[in-house]
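The chain contents come next:
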Amino acid sequence: MVDYSFEEDLYIRKKLSNLYIPVPEGFDEFINAKIKEGMALSEKKEKKRRHLSKGMIAVLVAIMVLAIGITVTASMDYYHKRMSALSEQEINQLLSDLDQSNEEAALYSRPLSEEEKNRFIILRERYLSEGLFPENSLRIINSLEEARKDEVSFYPPKSFYYLPERPLTDEELLEMLDYTLKADYALRKRAEDNQPAVSLDEEALKEKALNAIEKVFDTELKDYSVSIEQQIAFENEGKVSCPCTVTIYDKKYRLSYTVMLEGVSGKIETVDLLESSKNKMNVPYVEEECLNAVKTYKDKAYNLHENKSEIERMYIKTERRDASTIDGKNIILDYKFNDGTWCRLYYNVSNRQIISWEDGLDDYSIEYDDDNEQKRCNKIGHEYIIVEVK
């Protein structure tokens, strides 16, 4: 089983490559995690998020689904050849299957065993890097009564997998994986085909990103390169959005920054300083220093907050390997404002500096994030500590 450190998790959790994906009880629960993360990062308030349209959810999945490990050229070749071979009829059938269900996550007649999860991870890598595909297709049933005792089958209206009590074969795991990736591809293709036309002022977005970096990190960039990546545009409740990522490289200090923003409105979502994993280390947990950090950056959180509301609560959150050691080197500084929103700063304990900033988060986002961290830490025997600072 693959586990991530707290430092790695800070980035994996954010949207595409910055999202922590827990090993699921059922393998395609990772899709559910991506959907919920997309909801959590949306600009909609909690009640709005809980009622996103299927089209919106499809877009969120489509935007993030390629973060599952399809990264190298060979993998892309195998994946794209497999997906491009799908006929229009097959794609329409996959979309029909997906649209039948209102479930947030796939359901299972039993949880996958640890051995099955580990085999699935290996098979997924071989699927992508070697073109190891199943010989047959996943059996789709029209009612639960059609499920056979010794055969894997899938019931779309309830997103329900019937699994035999015996260990699943590699072929069966591959059939489940193949169906899931094809469904993801169909969703992404529909999102791309149906995305509304948008005209973005890229120069203005780059300038906005540059200003945000200088403001968050108290720096002045002079010699740098800049690029912008536009994601799939979508419409929800009559509002068009187009997520964008601006990457800026400081040539003088050889530092990379990324800014995630909504391209139509120009609203900044996150600002990050990308750290090298080679610098990862564990550092002593000094409570006084952490308390000082959350108090020191209170004014910065207030000044960076879009609505300039008063701060009513402050928290320190960190993963501890033991009572005296922080796993990794970063802690979370959370500030709740009286307008109901949150600002989050990631603080590097070793260098005593901010390395990431998020604004406009709501209670649902924070609660979901904390719950994921608690579960992840419990799995690996660490503690996820939340301390309110008065």
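Our subject is the structure that appears above.
In this text the structure is predicted, and so the values were computed from the model without any measurement.

**Description of the nonpolar core**
Reasoning step 1: Core analysis: the largest hydrophobic core is formed by 45 residues, its most contacted members being Val271, Leu333, Tyr335 and Leu345.
Reasoning step 2: Ranked by residue count, the leading element in this core is helix α9 (residues 202–217), at 7 residues.
Reasoning step 3: When sequence neighbours within four positions are dropped, the list of residues in contact with Leu345 reads Tyr297, Ala301, Leu304, Ile331, Ile332, Leu333, Tyr335, Ile354, Ser356 and Trp357.
Reasoning step 4: The next biggest cluster of nonpolar side chains, apart from the first, holds 28 residues, and it includes Leu86, Tyr108, Leu174 and Ala186.

**Re the packing of aromatic side chains**
Reasoning step 1: Overall, the coordinates contain 8 aromatic pairs when judged by the stated rule.
Reasoning step 2: Taking 4.5 Å as the distance between ring centres and 40° as the angle between the ring planes, the aromatic pair formed by Phe154 and Tyr161 counts as tilted. The same class applies to Phe154 as to Tyr161, namely buried.
Reasoning step 3: With a centroid separation of 5.3 Å and an interplanar angle of 55°, the aromatic rings of Phe154 and Tyr179 are classed as tilted. Of this pair, Phe154 sits in strand β5 (residues 153–155) while Tyr179 sits in helix α8 (residues 170–194), and the two are 25 residues apart along the sequence.
Reasoning step 4: The class for Phe154 is buried, based on a relative accessible area of 7%.
Reasoning step 5: Looking at Arg82, its charged tip hangs above the ring of Phe133, at a distance of 4.4 Å from the centre.
Reasoning step 6: We note Lys317 situated over the ring of Tyr315; from NZ or CZ to the ring centre the distance is 5.6 Å.

**Quick look at α8**
Reasoning step 1: The end-to-end C-alpha separation of α8 is 36 Å, in line with the 36 Å expected for 25 residues at 1.5 Å each.
Reasoning step 2: Here α8 lies mainly inside the structure; 18 of its 25 residues are buried.

**As for unusual backbone geometry**
Reasoning step 1: Residue Asp218 is not a glycine yet carries a positive backbone phi of 50°.
Reasoning step 2: With respect to the helices and strands, the residue Asp218 is situated in the loop between α9 and β7 (224–230).
Reasoning step 3: Classification of Asp218 as exposed rests on a relative accessible area of 60%.
Reasoning step 4: Backbone geometry places Arg254, a non-glycine residue, at a positive phi of 55°.
Reasoning step 5: Looking at the element boundaries, Arg254 is found in the loop between β10 (243–250) and β11 (255–262).

**Remarks on the packing of helix α7 (residues 114–130) against α8**
Reasoning step 1: Relative orientation of the contacting elements α7 and α8 amounts to 60°, with a least axis distance of 10 Å. It follows that α7 is oblique to α8 by the angle criterion. The way α7 lies across α8 gives a crossing that is right-handed. Within the contact between the two elements, α7 uses Glu116, Arg119, Phe120, Leu123, Arg124, Tyr127 and Leu128 and α8 uses Asp170, Leu173, Leu174, Leu177, Asp178 and Leu181.
Reasoning step 2: A breakdown of the residues in the contact of α7 with α8 according to their chemical character gives 8 nonpolar, no polar and 5 charged.

**Observations regarding the sheet that holds strand β4 (residues 139–140)**
Reasoning step 1: The strand order across the open sheet formed by 4 strands is β3-β6-β5-β4, and the pairing between neighbours is mixed. Across the chains shown, the open sheet's two edge strands, defined by having one partner strand only, are β3 (107–108) and β4.
Reasoning step 2: With 3 bridges joining them, β5 and strand β6 (residues 160–162) adopt antiparallel strand pairing. Looking at β6, one finds that Ser153 is bridged to Tyr162.
Reasoning step 3: Relative to the sheet, α8 contacts β3, β4, β5 and β6, its axis offset from that of β6 by approximately 165°.

**As for helix α6 (residues 88–99)**
Reasoning step 1: The terminal C-alpha atoms of α6 lie 16 Å apart, and with 12 residues this matches the ideal 16 Å at 1.5 Å per residue to within 8%.
Reasoning step 2: For α6, the full list of buried residues reads Ile91, Leu94, Leu95 and Asp97. Down the axis of α6, the buried set is contained in an arc of 155°. They therefore lie on one face. Facing away from the buried side of α6, by more than 90 degrees, are the exposed residues Glu88 and Gln89.

**Details of the pairing of strand β17 (residues 342–348)**
Reasoning step 1: The buried count for β17 comes to 7 of 7 residues, which makes it a mostly enclosed element.
Reasoning step 2: Neither face of β17 is exposed, since Trp342, Arg344, Tyr346 and Asn348 on one face and Cys343, Leu345 and Tyr347 on the opposite face are all buried.
Reasoning step 3: In this structure, strand β16 (residues 330–337) lies alongside β17, joined through 7 bridges in antiparallel fashion. When the sheet's bridge partners are listed, Lys336 is paired in β17 with Trp342.
Reasoning step 4: Between β16 and β17, which pair antiparallel and follow one another directly, the connecting turn spans 4 residues, one of which, Gly340, has a positive phi of 90°.

**Quick notes on the environment of Arg166**
Reasoning step 1: You can see Arg166 is positioned in the loop between β6 and α8.
Reasoning step 2: With a relative accessible area of 25%, Arg166 lands in the partly exposed category.
Reasoning step 3: Remark: the alpha-carbon pair of Arg166 and Lys149, spanning 17 residues in sequence, is separated by 10.0 Å.
Reasoning step 4: Once you skip the residues sitting within four places of it in the chain, Arg166 turns out to touch Arg110, Glu116, Asp150 and Glu172.
Reasoning step 5: Within the structure, Arg166 has its side chain in polar contact with the side chain of Glu172 (distance 2.6 Å).

**Things to note about the pattern of salt bridges**
Reasoning step 1: For the coordinates displayed, the defined rule picks out 26 salt bridges.
Reasoning step 2: Here Asp99 makes a salt bridge to Arg190, at a shortest N to O gap of 3.0 Å. Within this pair, whereas Asp99 is found in helix α6, its partner Arg190 is found in helix α8, the two being separated by 91 residues in sequence.
Reasoning step 3: When its relative accessible area of 23% is taken as the criterion, Arg190 is described as partly exposed.
Reasoning step 4: Arg376 is paired through a salt bridge with Glu319; the nearest N and O atoms lie 2.7 Å apart. Remark: Glu319 occurs in strand β14 (residues 311–322) and Arg376 occurs in helix α12 (residues 363–379); sequence separation between them is 57 residues. The same class applies to Arg376 as to Glu319, namely buried.
Reasoning step 5: Among the charged side chains, a network of salt bridges with common partners joins Lys317, Asp334, Arg344, Asp369 and Asp370.

What counts and how
Residues numbered from 1 in each chain as written. Predicted model: local features only at pLDDT ≥ 70, side-chain atom pairs only at ≥ 80, totals over all residues. Heavy atoms only, no water. Core = buried A, V, L, I, M, F, W, Y, C linked by side-chain atoms within 4.5 Å. Buried < 20%, exposed > 50% of the residue type's maximum accessible area, 1.4 Å probe, protein only. Helix = DSSP H or I, 4+ residues; strand = E, 2+ residues; numbered from the N terminus. Contact = heavy atoms within 4.5 Å. Phe/Tyr/Trp six-rings, centres within 6.5 Å; stacked < 30°, edge-to-face > 60°. Lys NZ or Arg CZ within 6 Å of the ring centre and 35° of its normal. Expected span 1.5 Å × (residues − 1). Axes fitted to C-alpha atoms, helices over the stretch in contact; angles between N-to-C directions. Parallel < 35°, antiparallel > 145°, perpendicular 65-115°, else oblique. Left-handed = near helix turned anticlockwise from the far one by under 90°. Nonpolar A, V, L, I, M, F, W, Y, C, P; charged D, E, K, R; others polar. Pairing = 2+ DSSP bridges. Arc of directions from axis to C-beta. Polar contact = N/O pair within 3.5 Å; in protein donor to acceptor, adjacent residues only side chain to side chain. Salt bridge = Lys/Arg side-chain N within 4 Å of Asp/Glu carboxyl O.

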